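This is what each chain is made of:
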Amino acid sequence: MIRIGITGGIGSGKSFVARKLEALGVPVYDTDSRARSLITASPQIRQGLSRLVGPGAYLPDGQLDRPRLAVFLFSDPAHAAAVNAIVHPAVRADFREWCEGQTAPVVALESAILYEARFETEVDRVLMVYAPLDLRLRRAMERDGVPEAKVRARIAAQMDDEEKCRRADFVVVNDGSAPLDTVLQELLASLPRSSAKNHP
């Protein structure tokens, strides 16, 4: 089994490319949705966040008190790293378990923070989805209904796209200039038949 990591900046169309791969028969693990689920379902995360944030980290119905967590996160720059140190290992373990249940020859992990979270160590190849900045801004503004300044602030908080391109094994330009289905089919055909790494 080959594991592909899919990443890209805000507005690049990373999730769009992931859905295209799914249509081509590649199961995709979405780290964002799985992390949201694990924050409620994982006893390890619940215990860790409760120790970190306090006994009020979770509401009586068992859901995370997101406003309370937001206050904690923004009160100190070091707090985000502390939360990530609890959540990311659980996501990593969940991805490994998910992979064990897959039978497809190629699977993928989708993550906007693939490099920041060190999830690239879990995959054999990294696919970076790239788009010009002006297009990314327009897409994100239309999708989220937020002003340009807010999108630029989000982009500035992420790893630079050029750096991600340098690190990635494949770069897919998602600006409408090339048929993505053909590009992705060729990419899949170029992959080796087995994993290049000994995954846990």
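Just so it is clear, the structure is predicted and the values come from calculations on it, not from any experiment. (Residues numbered from 1 in each chain as written. Predicted model: local features only at pLDDT ≥ 70, side-chain atom pairs only at ≥ 80, totals over all residues. Heavy atoms only, no water.)

**Student:** So, the pairing of strand S1 (residues 2-8): which residues are in play, and what are the values?
**Tutor:** Across the seven residues that make up S1, a large majority, seven, are buried. Burial of the side chains of S1 extends over both faces: Ile2, Ile4, Ile6 and Gly8 are buried on one face and Arg3, Gly5 and Thr7 on the other. Where S1 and strand S3 (residues 106-110) come together, five bridges link them in parallel fashion. Residue pairing across strands places glycine 5 opposite leucine 109, the latter belonging to S3. (Buried < 20%, exposed > 50% of the residue type's maximum accessible area, 1.4 Å probe, protein only. Helix = DSSP H or I, 4+ residues; strand = E, 2+ residues; numbered from the N terminus. Pairing = 2+ DSSP bridges.)

**Student:** Outline the sheet that holds S1, listing residues and values.
**Tutor:** Picture the strands of a sheet paired through backbone hydrogen bonds; they go either parallel or antiparallel. Judged by pairing direction, the sheet is parallel, and its five strands sit side by side in the order S2-S3-S1-S4-S5 without closing on themselves. Every other strand in the sheet has two partners, leaving strand S2 (28-30) and strand S5 (170-173) as the edge strands with one partner each. For this sheet, the mean inter-axis angle between neighbouring strands, taken without regard to orientation, is 25 degrees. As paired elements, S1 and strand S4 (residues 125-130) share five bridges and run parallel to each other. Bridging across to S4, isoleucine 4 finds its partner in arginine 125. On top of the sheet, helix H1 (residues 14-23) reaches S1, S2, S3 and S4; it is set at about 155 degrees to S1, its chief contact. Each of S1, S3, S4 and S5 touches helix H9 (residues 180-190); the most contacted strand, S5, lies at about 170 degrees to it. (Axes fitted to C-alpha atoms, helices over the stretch in contact; angles between N-to-C directions. Contact = heavy atoms within 4.5 Å.)

**Student:** I'd like a rundown of the nonpolar core, residues and numbers included.
**Tutor:** Core analysis: the largest hydrophobic core is formed by 30 residues, its most contacted members being Ile39, Ile45, Leu49, Tyr58, Val87, Val91 and Leu109. Among the elements of the structure, helix H2 (31-41), helix H3 (43-53), helix H4 (66-75), helix H5 (77-100), S3 and S4 are those that each provide at least two residues to this core. A per-element tally of this core places H5 first, with six residues. In this structure, isoleucine 39 is in contact with Ile45, Arg46, Leu49, Tyr58, Leu64 and Val87, ignoring residues within four places of it in sequence. Residues Ile6, Leu21, Val106 and Leu187 belong to the second largest nonpolar core, which totals 18 residues. (Core = buried A, V, L, I, M, F, W, Y, C linked by side-chain atoms within 4.5 Å.)

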